[in-house]
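# Analysis of the macromolecular model
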Amino acid sequence: MSFIIDKQTLNDLNIFGKNRGESVYSLFNGTQTKGGALILEEIFRYPLSDVTEINKRSSQICFFREKGVTFPFRGELFDTVEYYLSNTDNRSRLAPEENKLQQKFRSYMGTDTEYEQVHKGVLAWIEIINKLDDFVQLILSSKGGTPYDADAAEIRDMILDFSWASVEKEAKKLSYTKTAEYDRILRYEKRDKLKELLYFIYNLDVYIAVAGVAAKRGFVFAKALDQLQNKISIRGLYHPQLKSPISNTIEIDENSNIIFLTGANMAGKSTFMKSFGISIFLAHIGFPLPVESMEFTLQSGMYTTINLPDNLSMGYSHFYAEVLRLKKVAEQVSRTQNLVIIFDELFRGTNVKDAYDATVAVTEAFARKRNCTFVISTHIIEAGETLKELCGNINFVYLPTVMEGSQPVYTYKLKAGITNDRHGMMIINNEHILEIIKGSESFTK
């Protein structure tokens, strides 16, 4: 079963972004090849659901970061070989017996475009095979072994089928006879094996690019735990797109699997929730993430409701859109364990009394699902006081507002408890809203 994540969640966390710019994906998109870029997108679209695979990917990328490995190929080679392999028309196949005077003449005059494309493709593959052979031999010669040894050994076994390429390592031009011979092997006999090699190389491109991001930004790797009890432990959590972030620590287990978050507007609740969601996502693709450390048990999926749009085309109000979203999440929670659920401002689309009642009822119901993780923020702080009496597995935290005179200052640092901040009217007064309205009334008179 794959990790469950939907479009709303991807949008809330800005995983891809509307135009791919300033998105989480764009942070890591430093690949040198088109094939690598495609694999990176595939990785983002299909988070892993296996502890061994997550830790394997993390350890390989971490190894490349620690060793400062760079991509050993010229990027332009891959457009050449992809085009070369895409042409399997037998009419373009070279045959040594066709090496007649006319063929030699056209080759000499540079007018045989089809032959030149084949010749260029063969030379490109010779360069790639030799570079790849050098790379994997370097990996396999490392003392004590590396996390990439198994992959390197598999690549090395595949390269043995092309041992002849080392003979032509320094070749800039091949004879027609050699070109025809190598073309037969590369394009027709071993084409599938070359496709496999390309897949290894494109993955290598991704891992090396991501390792570079980890080194540049100081990101670290989470450890996936192979255990049944629900656990998420994160120290130094921050948002990867903030220039001067404030980090926070959060501990979750089956006895504190609901994070009930309060705080004033602008206190940082949404940013914290997005930071948490992004780290859960990156941990499940085995990528480095913006934390000091993280351990987690494998989660089945994640649903967030942070920037829920109205559906005007369907005639839905914001409140009804919230209810439908909640229904979808509730149905998934009822049949799936180990889900991460994030709700920012439950029931903001209705009146305070209904929002209070609904927040208490829904949170109390969620509290019975100890094998899932819930992060719920609200302005209705009275709901928190009621839930204290009803549930024993809720971790109440808040983001405080410190008043310096009449000016609010936000620390963005989590504290235990429920906020008692009620500074809405003070902020309104600081912005002179009432004076502006009164001024406009006297002007109209």
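This text follows the structure it describes.
Here goes a summary of the coordinates provided. (Residues numbered from 1 in each chain as written. Predicted model: local features only at pLDDT ≥ 70, side-chain atom pairs only at ≥ 80, totals over all residues. Heavy atoms only, no water.)

## Structural notes on the overall build of the protein chain
Helix and strand content of the protein chain: 16 helices and 13 strands. Burial status across the protein chain gives 49% buried among its 445 residues. Surface accessibility of the protein chain: about 22400 Å² in total, with carbon and sulfur atoms responsible for 51%. (Helix = DSSP H or I, 4+ residues; strand = E, 2+ residues; numbered from the N terminus. Buried < 20%, exposed > 50% of the residue type's maximum accessible area, 1.4 Å probe, protein only. Areas by Shrake-Rupley, 256 points an atom, 1.4 Å probe, with all protein chains shown as cover.)

## Looking at the pattern of salt bridges
In total, this model carries 18 salt bridges according to the counting rule given. Of the charged contacts in the structure, one is a salt bridge between Lys195 and Glu82, with a shortest N-O distance of 3.7 Å. Of this pair, Lys195 sits in helix 10 (residues 191-217) while Glu82 sits in helix 5 (residues 77-86), and the two are 113 residues apart along the sequence. Salt bridges sharing partners connect three or more residues here, namely Asp6, Arg325 and Lys328. (Salt bridge = Lys/Arg side-chain N within 4 Å of Asp/Glu carboxyl O.)

## Brief notes about the sheet that holds strand 5 (residues 258-263)
Strand order in the open sheet made by the seven strands is 1-7-8-9-5-10-13, with mixed pairing throughout. Only two strands of the sheet have a single partner each, and these edge strands are strand 1 (4-5) and strand 13 (415-416). When strand 10 (residues 394-399) meets strand 13, the two strands line up antiparallel, connected through two bridges. When the sheet's bridge partners are listed, Tyr398 is paired in strand 13 with Lys415. Contacts from helix 11 (residues 269-284) reach strand 1, strand 5, strand 7 (301-305), strand 8 (339-344), strand 9 (373-378) and strand 10 within the one sheet, and its direction differs from that of strand 8 by about 160°. The sheet strands contacting helix 12 (residues 318-335) are strand 1, strand 7, strand 8 and strand 9, and the helix crosses strand 8 at an angle near 160°. (Pairing = 2+ DSSP bridges. Contact = heavy atoms within 4.5 Å. Axes fitted to C-alpha atoms, helices over the stretch in contact; angles between N-to-C directions.)

## What to know about unusual backbone geometry
A positive phi angle, close to 55°, is found at Asn14, a residue other than glycine. Take Asn14: it is sitting in the loop between helix 1 (7-12) and helix 2 (24-28). Taking the relative accessible area as the measure of exposure, Asn14 reaches 25% and is therefore partly exposed.

## What about the pairing of strand 6 (residues 293-297)?
In this sheet, strand 6 lies alongside strand 2 (residues 223-225) in parallel orientation, the contact comprising three bridges. Pairing of Lys223 across the sheet is with Glu295, part of strand 6. In the sheet, strand 3 (residues 231-237) pairs with strand 6 via four bridges, with the strands oriented antiparallel. Each residue of the ladder has a partner; that of Ser233, found in strand 6, is Glu295.

## Notes on the packing of helix 7 (residues 113-140) against helix 10
At their nearest, the axes of helix 7 and helix 10 sit 12 Å apart, and the two run at 55° to each other. With respect to each other, helix 7 and helix 10 are oriented oblique. Crossing handedness for the pair helix 7 and helix 10: left-handed. Residues Trp125, Ile128, Leu132 and Phe135 of helix 7 pack against Leu194, Leu197, Leu198, Ile201 and Leu204 of helix 10. Residue composition of the contact of helix 7 with helix 10, by class: nine nonpolar, no polar and no charged. (Parallel < 35°, antiparallel > 145°, perpendicular 65-115°, else oblique. Left-handed = near helix turned anticlockwise from the far one by under 90°. Nonpolar A, V, L, I, M, F, W, Y, C, P; charged D, E, K, R; others polar.)

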